[in-house]
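Close look at the chain arrangement
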Amino acid sequence: MDFTLVTGGAGFIGSHLVEELLARGRRVVVIDDLSTGKRENLPQNQNLTFIEGSITDAELLKHLFSEYRFSTVFHLAAVASVHRSVEEPLYCHRVNFDGTLYLLEESKRVGVKKFVFASSAAVYGDLPQLPKREDMAVKPQTPYAVDKYASERYTVNSFNLYGFDATALRFFNVYGERQDPSSPYSGVISIFIDRIKRFKRGEETTIDIYGDGRQTRDFVYVKDVVGALLLAEEGKTAGEVYNVGTGKETSLLELLETLKEIVGELPPLRFLPPRPGDIKRSVADISKISSIGYYPKFPLKEGLKRLWEWSVKT
Ligand code: NAD
Ligand code: UD2
């Protein structure tokens, strides 16, 4: 039987993908350097092999691709923090760009059947047109976004240049269980849930809103993202790029209203100056990915409810 490689499989999104692949009876290999991922995000399972190592280690990758017969590579490993990419562009470039090239080279060498790359809505930058469609202009404004865009192009060009079946997905704002709230640059939902939890425990805390709270995002539940990854693997997606969102635009104030309906009283809100470079509005056009069978199964309230229930148990 063939194996599936998940890079970054010990991370937030990767661990949900691994869980679903294992539930489908697949044999999975994870490579992760545990820089932000955690071993405990992954279950103990006889069909799962965990390799602690970096995607920038070309020798290790060569060895791995020779040892296992991978039919699919899901490439999710990255320094996912935009802030860190601004602080340490060279290091992040090594991981977010060189790592992708190494993986593409190895995948082509051994004849992997499908390569799926996790790109980001960050490639769109702050261009005003909404909703974001895949054929619109991009404006990657940070080292993270530049490397995602370059990696995305290398991935889809692999099909045009070598006939290699590769596709890229632009994730919008993903949220769900196991997202790490520990940095000020963590996903806003993970931070808000963490503050609510502290408040309910009697700690003194606030919900900090940068700006007036009217900025919007397309918040997509992690299990819908897993659904998109699996569809990208199965479908005729070679050489194509797809948005992964919900197509719904939600402001932070609306998000907080929904959270209030789920958890009851919220900690006090504290309005702070907007973050420099913050994008005012973002929402995906999901018609392209819908054409391969994707539809978001988890409305925001449902996803938040699940996240809250999980969060009070942990
Ligand atoms: P995450 O930080 O939880 O996961 C990234 C994983 O990659 C971690 O487990 C980390 O340890 C691992 N990793 C980092 N450098 C590595 C290296 N050199 N070698 C091997 N493993 C390495 O973040 P996430 O939110 O789960 O992101 C997964 C992917 O989705 C990333 O590519 C990210 O850029 C992309 N993405 C995420 C979002 C979002 O909203 N979370 C949005 C757009 C794109
Ligand atoms: C997301 C990605 C980022 C990059 C960017 C591209 C995450 C965590 N970040 O940034 O990596 O891809 O999209 O556009 O996925 N906010 C608050 N209070 C808080 C935290 C955040 O008000 O405590 C605001 C923040 O200023 C922003 C919004 O909430 O206006 C969403 O913030 P975010 O960091 O979750 O996501 P975003 O879209 O800025």
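Keep in mind it's a predicted model, so treat the numbers as computed, not measured. (Residues numbered from 1 in each chain as written. Chains lettered and ligands numbered in written order. Predicted model: local features only at pLDDT ≥ 70, side-chain atom pairs only at ≥ 80, totals over all residues. Heavy atoms only, no water.)

1. A word on the packing of aromatic side chains
Defined as follows: Pairing of aromatic side chains here covers Phe, Tyr and the six-membered ring of Trp, requires ring centres within 6.5 Å, and sorts the geometry by plane angle: under 30 degrees stacked, over 60 edge-to-face, intermediate tilted. A helix here means a DSSP run of H or I that spans at least four residues, while a strand means a run of E at least two residues long, and both kinds are numbered starting from the N terminus. Three exposure classes are used, based on accessible area relative to the maximum for each residue type with a 1.4 Å probe and protein chains only: buried under 20%, partly exposed in between, and exposed over 50%. The criterion is that NZ of a Lys, or CZ of an Arg, lies within 6 Å of the ring centre and within 35 degrees of the ring normal, and then a charge sits over that ring.
Counted according to the given criterion, the structure contains eight aromatic pairs. Ring geometry for Tyr-175 and Tyr-221: centres 5.5 Å apart, planes at 50°, overall tilted. Taken together, the residues span a long stretch of sequence, with Tyr-175 in strand β7 (residues 173–175) and Tyr-221 in strand β10 (residues 219–221) at a distance of 46 residues. Residues Tyr-175 and Tyr-221 agree in their burial class; the two are buried. Aromatic rings pair up to connect Phe-3, Phe-65, Tyr-68 and Phe-70 into one cluster. A cation over an aromatic ring shows up here: Lys-108 above the ring of Tyr-162, its NZ or CZ 3.6 Å from the ring centre. Against the face of Tyr-124 rests Arg-170, its NZ or CZ located 4.9 Å from the ring centre.

2. Here's the deal with the site of ligand 1
To keep things clear, this is the line we draw: Throughout this document, a residue counts as near a molecule or strand when at least one of its heavy atoms sits within 4 Å of that molecule or strand. We define a polar contact as two N or O atoms separated by no more than 3.5 Å, with the added condition that, inside protein, one atom must be a possible hydrogen donor and the other a possible acceptor, whereas residues neighbouring each other in sequence contribute only through side-chain atom pairs. Only the protein chains shown count as cover for residues, and the accessible areas themselves come from Shrake-Rupley with a 1.4 Å probe.
In the region of ligand 1, 28 residues are neighbours, and Ile-13, Asp-32, Thr-36, Tyr-144 and Lys-148 sit closest. Residue Ile-13 places a main-chain N or O atom 2.8 Å away from an oxygen atom belonging to ligand 1. The contact in question runs from an oxygen atom of ligand 1 to an N or O atom on the side chain of Tyr-144, over 2.6 Å. Its free accessible area being 820 Å², ligand 1 has 92% of it covered by the protein chains. Those elements that place two or more of their residues in the shell around ligand 1 are α1 (12–23), β5 (114–120), α5 (143–162) and β7. Broken down by element, the shell around ligand 1 gets its largest block of residues, three residues, from β5.

3. Section: the domain arrangement of the protein chain
Note: interface size is frequently given as the accessible area lost on complex formation between the parts. Condition: Residue ranges for the domains originate in an automatic or database domain assignment. In this description, buried area is defined as the sum, over both parts, of the accessible area (probe of 1.4 Å) that is lost when the two are combined. Each reported salt bridge corresponds to a side-chain nitrogen of Lys or Arg within 4 Å of a carboxyl oxygen of Asp or Glu. When residues are grouped by polarity, Ala, Val, Leu, Ile, Met, Phe, Trp, Tyr, Cys and Pro land in nonpolar, Asp, Glu, Lys and Arg in charged, and all others, Gly among them, in polar.
Domain boundaries in the protein chain define domain 1 (2–174 + 221–244) and domain 2 (175–217 + 248–283 + 298–311). Overall, the association of domain 1 and domain 2 removes approximately 1700 Å² of surface from exposure, summing both partners, and the carbon and sulfur fraction of that is 55%. If you sort the residues of domain 1 by the area they bury against domain 2, Phe-12, Leu-130 and Tyr-221 come out on top, with a joint share of 39%. On inspection of domain 1 and its partner domain 2, the count reaches one salt bridge. Residues Arg-178 and Glu-19 are paired through a salt bridge, measuring 3.2 Å at the closest nitrogen-oxygen approach. Joining domain 1 to domain 2, the criterion identifies eight residue pairs in polar contact (both at pLDDT 80 or more). Those elements that provide at least two residues to the side of domain 1 that touches domain 2 are α1, β7 and α7 (222–234). At four residues, the largest contribution of residues to the side of domain 1 that touches domain 2 is made by α1. Here the residues of the side of domain 1 that touches domain 2 sort into seven nonpolar, six polar and five charged.

4. Describing the site of ligand 2
Near ligand 2, the surroundings consist of 21 residues, among which Val-188, Asp-208, Tyr-210, Arg-217 and Asp-278 are the closest. Within the side chain of Asn-173, an N or O atom sits 2.9 Å from an oxygen atom of ligand 2. For ligand 2, the protein covers 84% of the area, taking 730 Å² as the surface of the free molecule. Listed by contribution, the elements that provide at least two residues to the shell around ligand 2 are α6 (188–200) and β8 (207–210). For the shell around ligand 2, the class distribution of residues is 12 nonpolar, five polar and four charged. Counting only domains with at least three residues in the shell around ligand 2, you end up with domain 1 (2–174 + 221–244) and domain 2 (175–217 + 248–283 + 298–311).

5. Some details on the packing of helix α4 (residues 89–110) against α5
Selection rule: Working convention: axes come from line fits to C-alpha atoms, limited for helices to the stretch in contact. Angles between N-to-C directions cover 0 to 180 degrees. Each angle gets one of four labels, with under 35 degrees taken as roughly parallel, over 145 as roughly antiparallel, 65 to 115 as roughly perpendicular, and the rest as oblique. In this scheme, a crossing is called left-handed if the near helix is turned counterclockwise away from the far one by less than a right angle; it is called right-handed if the turn is clockwise. Note on contacts: a residue pair qualifies if any of its non-hydrogen atoms lie within 4.5 Å across the two residues.
Contact pair α4 / α5: the axes reach a minimum separation of 9 Å and the direction vectors enclose 15°. Between α4 and α5, the interaxial angle falls into the category roughly parallel. In the packing of α4 onto α5, the handedness of the crossing is right-handed. The segment α4 lies against α5, with Pro-89, Cys-92, His-93, Asn-96, Phe-97, Thr-100, Leu-101, Leu-104 and Lys-108 engaging Pro-143, Tyr-144, Asp-147, Ala-150, Ser-151, Tyr-154, Thr-155, Ser-158 and Tyr-162.

6. Side note on the pattern of salt bridges
Inspection of the entire model under this criterion finds 28 salt bridges. Here Lys-62 makes a salt bridge to Glu-106, at a shortest N to O gap of 3.5 Å. Taken together, the positions of Lys-62 in helix α2 (residues 58–67) and Glu-106 in helix α4 put the pair 44 residues apart, joining distant regions of the chain. Taking the shortest distance from any N to any O, the salt bridge between Arg-306 and Glu-302 comes out at 3.4 Å. With Arg-306 and Glu-302 both in helix α10 (residues 300–313), this residue pair falls four residues apart, about one helical turn. Since its relative accessible area comes to 33%, Glu-302 is described here as partly exposed. Among the ionic contacts, a cluster of salt bridges with common partners joins Asp-194, Arg-195, Arg-198, Arg-201 and Glu-203.

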